[in-house]
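Listed below, chain by chain, are the residues.
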Amino acid sequence: MKTTVLLLTGMLAFSGLQPASAQQLPVTTGPYQPTTASLKTYQYPAWFRDAKFGIWAHWGPQAVPRQGDWYARAMYEEGSERYKYHVAHYGHPSKFGYKDIIPLWKAEKWDPERLMKLYKKAGARYFVSMGSHHDNFFLWHSKIHPWNSVNMGPKKDVVGLWQQAAKKEGLYFGVSEHLAASYTWFQVSHGADKEGSQKGVPYDGQDPAFADLYHTKGAPDDHGWLTTNPAWMKEWYNDVKELVETYHPDLLYSDSELPFGDTGRSMLANFYNDNIAFHKGKATAVYNCKQPSEGMWAQDIERGVQDTISPFPWQTDTSIGDWYYRTGQAYKTSTDILQMLVDIVSKNGNLLINIVQTPEGDLEPDMLKTLGEIGNWMTVNGEGIYGSRPWTIYGEKPLDAVTVKAGNFNEGKVKYTAGDVRFTTKGNHLYAYVLDAPEGDIRIRSFGKNSKMPHQKITAIQLLGSAEKVQWKIEDDALVISRPSRMPSWKVVGFKLALK
C-alpha cells in the first residue's frame with residue numbers, strides 16, 4: 001500500500017513520556033496526519049454508535065495453567081501464588097519458563113465459526129480478537145518474530161480465523177493490542193530468586209536467545225506502564241502497523257492511554273488512513289484507548305462506567321469472569337451484564353465483554369447458559385438498544401443511591417436496583433429500562449407534571465415482550481406505571497413510550 005513518510009517533530013506527547021519524535025515513521029497516505037488538530041477531525045462511524053454490544057476473546061497461552069490473568073508475569077514473581085503454582089507444576093522458571101508454556105497451548109477444541117454463531121445469537125454486533133497480550137506472543141501470522149500462533153502452539157492464524165468467522169456472521173471485527181506495556185511488564189522474566197535453593201539463578205528471560213519474546217533488559221529507571229525507550233516505541237509501532245495492514249480491522253484497542261506521543265499519533269493516523277484506503281473511501285475505523293478522547297477516538301473504560309452522558313461515544317471493556325481462564329472462578333450473571341449494558345448505552349457508550357474460553361478453546365456450560373439468556377433478552381428488548389441514542393438525561397437513581405464517580409474498575413461499586421431507570425431514544429419513542437424487577441408500581445419522576453425536564457406528550461406505553469395492556473397515569477411528581485400482572489422472566493424490564 002502506498003505510504004508517505006512524515007517527519008514527526010515539535011509535538012507534545014499525550015502521555016508525557018519521551019516521544020520517538022526524531023524518527024521517521026511510514027504512515028499510509030490519507031486525510032489524517034499525526035497531529036492533534038488532524039485527529040480531531042475524526043468522525044465516529046455509524047456502525048459503532050449503533051452496535052452497542054460486542055464480545056471479546058481475551059484468550060491465549062496464558063490460559064493454559066488455568067490460573068487467571070497475568071500468569072506470564074506472575075510466574076516470575078518470587079513468592080506469589082502463581083510462582084508457587086508454576087514451580088510445583090512445571091518447575092523453576094530458570095528451566096521451564098513462559099516460552100515452555102506456549103507449546104502447551106493447542107486450542108484443540110476451538111471452533112471459531114461455532115462460537116461466532118453463538119455470539120451473534122447472543123446479540124453481539126461486533127467481535128474483538130486478542131492480537132497480543134503483554135506476553136508479546138502474537139496471535140497473528142507475523143513476519144516480525146517467530147513467537148506467534150502460526151509457528152507455535154495451535155499452529156493457526158487465530159486473528160485471521162476469528163476474522164473469517166466474524167465476517168461470515170456479518171459482525172464487525174476488531175483486534176486488541178497490549179504490546180506497548182509489554183516492555184516493562186515482562187522485565188521480571190530477567191530476574192532471579194532472591195532467596196532459597198535457586199537464589200541468584202537467572203530466569204530464562206535473561207537468555208539472549210529468547211529476547212524476541214521477553215525483550216531485552218530494560219534501563220533501571222524504565223519501569224512505568226509505558227516504556228521511555230524510543231527504540232521500543234518504534235518496535236511497537238511496527239508491530240501494530242503489521243497487524244493493522246494485514247487484517248484491516250474495523251476496531252483497534254490499546255490497553256493503555258494513546259502510547260508514546262508522536263509515535264502513537266502516527267500509529268493512529270496510519271490506522272485511520274489504512275482503513276479508509278482498504279474500504280475505498282468509506283471509513284469504519286474505531287480506536288479504543290484508556291484516555292479521554294476529545295473526539296479523536298472512543299475512550300475505553302476498563303471494568304467501569306461513566307457517571308453521566310458522554311458527549312463522545314465510548315466503551316466499557318470488562319470480562320464475565322477473570323480475563324483468562326481460572327479454575328473455580330465466579331462469573332457475572334446475565335442480569336449483571338444486562339444491567340451494565342443498559343446503563344452504559346444510556347450514557348452514549350458500548351459494552352465489550354470478554355467471554356472466558358478454556359485453554360482448549362471451548363466454553364463451559366455456564367457460559368453457554370448466560371449467552372442464551374442474554375440473547376433471549378436482546379431479541380425482545382434490543383429495539384431500544386441497537387441504534388438508540390441517549391435522551392436528555394441518562395436516567396434516574398433512587399434518591400438515597402450512593403454516588404459512584406466515573407472511572408476504571410468501579411463496576412463493583414455500582415449496585416442496580418428497581419429504583420434505577422435508564423432512558424434511550426429512537427425515532428418517536430423513548431425506552432425506559434427498569435434495572436431490577438419491580439415489586440410494585442414503577443414511578444418515573446422525569447415525566448411527572450411538575451418535572452422540569454422537557455419532554456413530549458406520552459400517547460402509549462408498552463412492556464417489551466408482553467401483549468398485556470399497560471395501565472399508567474401521570475401524577476404531579478411522577479409517571480406511574482402499574483406493575484403488569486405477568487412480568488417477563490428476566491429482571492431488567494423495558495417499557496416503550498410512544499411520544500407525540
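Parameters and conventions
- Residues numbered from 1 in each chain as written.
- Predicted model: local features only at pLDDT ≥ 70, side-chain atom pairs only at ≥ 80, totals over all residues.
- Heavy atoms only, no water.
- Helix = DSSP H or I, 4+ residues; strand = E, 2+ residues; numbered from the N terminus.
- Rg over C-alpha atoms; globule rule 2.2 N^0.38 Å.
- Buried < 20%, exposed > 50% of the residue type's maximum accessible area, 1.4 Å probe, protein only.
- Contact = heavy atoms within 4.5 Å.
- Areas by Shrake-Rupley, 256 points an atom, 1.4 Å probe, with all protein chains shown as cover.
- Lys, Arg positive; Asp, Glu negative; His and termini not counted.
- Charge placed at Lys NZ, Arg CZ, Asp CG, Glu CD.
- Expected span 1.5 Å × (residues − 1).
- Polar contact = N/O pair within 3.5 Å; in protein donor to acceptor, adjacent residues only side chain to side chain.
- Pairing = 2+ DSSP bridges.
- Salt bridge = Lys/Arg side-chain N within 4 Å of Asp/Glu carboxyl O.
- Core = buried A, V, L, I, M, F, W, Y, C linked by side-chain atoms within 4.5 Å.
- Domains from an automatic or database assignment.
- Phe/Tyr/Trp six-rings, centres within 6.5 Å; stacked < 30°, edge-to-face > 60°.
- Lys NZ or Arg CZ within 6 Å of the ring centre and 35° of its normal.
- pLDDT = per-residue confidence, 0-100.
- Buried area = accessible area lost by both parts, 1.4 Å probe.
- Axes fitted to C-alpha atoms, helices over the stretch in contact; angles between N-to-C directions.

Chemist: Can you lay out the overall build of the protein chain for me, pointing to particular residues and giving the numbers?
Modeler: Within the protein chain, the regular secondary structure consists of 13 helices and 18 strands. Taking 2.2 N^0.38 as the reference for a compact globule, 500 residues should give roughly 23 Å; the C-alpha atoms of the protein chain span a radius of gyration of 24 Å, in line with that estimate. Here the C-alpha coordinates of the protein chain stretch approximately 75 × 50 × 40 Å along the principal axes. When the 500 residues of the protein chain are sorted by exposure, 57% land in the buried category. Restricting to contacts in the protein chain with at least 6 residues of sequence separation, those with at least 24 account for 73%. Surface exposure of the protein chain reaches about 20200 Å², of which carbon and sulfur atoms provide 52%. Positive and negative side-chain charges in the protein chain, numbering 55 and 54 respectively, have mean positions lying 7 Å apart.

Chemist: Any chance you could break down helix H10 (residues 230–247) for me, citing the residues and the numbers?
Modeler: Over its 18 residues, H10 extends 26 Å from the first C-alpha to the last, a length consistent with the 26 Å expected when each residue adds 1.5 Å. What H10 keeps buried is the set Trp232, Met233, Trp236, Tyr237, Asp239, Val240, Lys241, Glu242, Leu243, Val244 and Tyr247. For H10, the N-terminal cap is Asn229; the gap from its side-chain oxygen to the backbone nitrogen of Ala231 is 2.9 Å. Downstream of H10 by one or two residues, His248 has phi in the positive range, about 50°.

Chemist: Tell me about the pairing of strand S3 (residues 53–57), and please be specific about residues and values.
Modeler: Walk down a regular strand and you will see the side chains alternate between the two sheet faces. Buried residues dominate S3, accounting for 5 of its 5 residues. Residues of S3 alternate between two faces, with Phe53, Ile55 and Ala57 on one and Gly54 and Trp56 on the opposite face, all of them buried. As judged from the 4 bridges shared by S3 and strand S10 (residues 349–354), these two strands associate in the parallel manner. Paired with Phe53 across the bridge in S10 is Leu351. As judged from the 4 bridges shared by S3 and strand S4 (residues 126–132), these two strands associate in the parallel manner. The residue bridging Ala57 from the neighbouring strand is Ser129, located in S4.

Chemist: Go over the pattern of salt bridges, please, and point to the residues and values.
Modeler: When the charged atoms of two side chains lie near each other, side chains of opposite charge can form a pair. Counted under the stated rule, the structure contains 26 salt bridges. Between Lys40 and Glu294 there is a salt bridge; the shortest N-O distance is 3.0 Å. Taken together, the positions of Lys40 in the loop between helix H1 (36–39) and helix H2 (46–51) and Glu294 in the loop between strand S7 (286–289) and strand S8 (298–302) put the pair 254 residues apart, joining distant regions of the chain. Judged by its relative accessible area of 45%, Glu294 is partly exposed.

Chemist: An account of the nonpolar core is needed here, citing residue identities and associated values.
Modeler: Counting residues in each nonpolar core, the largest one holds 140 residues, and the members touching the most others are Tyr98, Tyr119, Trp162, Tyr272, Tyr287, Trp377 and Leu497. A domain split of this core shows at least three residues from each of domain 1 (36–384) and domain 2 (389–499). Beyond its immediate sequence surroundings of up to four residues, Tyr287 is in contact with Leu252, Ser254, Leu258, Pro259, Met267, Leu268, Phe271, Tyr272, Trp297 and Ala298.

Chemist: Would you mind going over the packing of aromatic side chains in detail, with residue names and values included?
Modeler: On inspection of all chains with the given rule, the structure shows 36 aromatic pairs. Ring centres of Tyr42 and Tyr44 lie 5.0 Å apart, and the angle between their planes is 75°; this geometry places the pair in the edge-to-face category. Aromatic ring contacts, followed pair by pair, group Trp70, Tyr76, Tyr98, Trp185, Phe186, Tyr203, Tyr214 and Trp225 into a single cluster. Positioned above the aromatic ring of Phe210 is the side chain of Lys99, whose terminal nitrogen or guanidinium carbon lies 4.8 Å from the ring centre. Sitting over the face of the ring of Tyr394, Lys347 holds its NZ or CZ atom 4.5 Å from the ring centroid.

Chemist: Now, about the confidence of the model for the protein chain: what can you tell me, with residues and values included?
Modeler: Fine structural detail should not be taken from predicted coordinates in areas where pLDDT scores are low. On average, residues of the protein chain carry a pLDDT of 94, and 95% of them reach 70 or more. The model gives residues 1–22 a pLDDT under 50, and that stretch makes 65 contacts with residues more than four places away or in other chains.

Chemist: Before we move on, can you summarise the domain arrangement of the protein chain with the specific residues and values?
Modeler: When cut into domains, the protein chain gives domain 1 (36–384) and domain 2 (389–499). Contact residues are listed per partner, giving 31 residues for domain 1 and 31 residues for domain 2. For the pair domain 1 and domain 2, the summed buried surface comes to about 2700 Å²; carbon and sulfur atoms form 56% of the total. The interface formed by domain 1 and domain 2 includes 5 salt bridges. Across the pair Asp50 and Arg389 runs a salt bridge whose closest N-O atoms are separated by 3.0 Å. At the boundary of domain 1 and domain 2, one finds 21 residue pairs in polar contact (both at pLDDT 80 or more). Looking at the side of domain 1 that touches domain 2, the elements with two or more residues in it are H2, S8, helix H12 (334–346) and helix H13 (365–381).

Chemist: Explain unusual backbone geometry to me, using residue names and the numbers behind them.
Modeler: Of note, the phi angle at Phe260 is positive, near 65°, even though the residue is not glycine. Structurally, Phe260 is set in the loop between strand S6 (251–254) and helix H11 (262–278). A positive phi is found at Phe409, a non-glycine position, where the angle reads about 60°. The residue Phe409 is located in the loop between strand S11 (395–396) and strand S12 (421–426) in this model.

Chemist: Quick rundown of the sheet that holds S4? Include the residues and the values.
Modeler: On the basis of which strands lie adjacent, the closed barrel formed by 8 strands has the order S3-S4-S5-S6-S7-S8-S9-S10 and parallel pairing. Each strand axis lies, on average, 25° off the axis of its neighbour in the sheet, ignoring direction.

Chemist: Any details on the sheet that holds strand S17 (residues 479–481)? Residues and values, ideally.
Modeler: Spatially, 3 strands are ordered S14-S17-S16 in an open sheet, and the strand pairing comes out antiparallel. For this open sheet the edge positions go to strand S14 (442–444) and strand S16 (472–474), each flanked by a neighbour on one side alone. Taken pair by pair, the neighbouring strands of this sheet meet at an average axis angle of 15°, ignoring direction. As defined by bridge partners, S16 adjoins S17 across 3 bridges and the pair is classed as antiparallel. Note that in S17 the partner of Lys473 across the bridge is Val480.

Chemist: Break down the side chain of Glu302 for me, citing the residues and quoting the values.
Modeler: Locating Glu302 in the fold gives a position in strand S8. Apart from the residues within four sequence positions on either side, Glu302 is in contact with Asp255, Lys290, Asp317, Trp323, Asn408 and Phe409.

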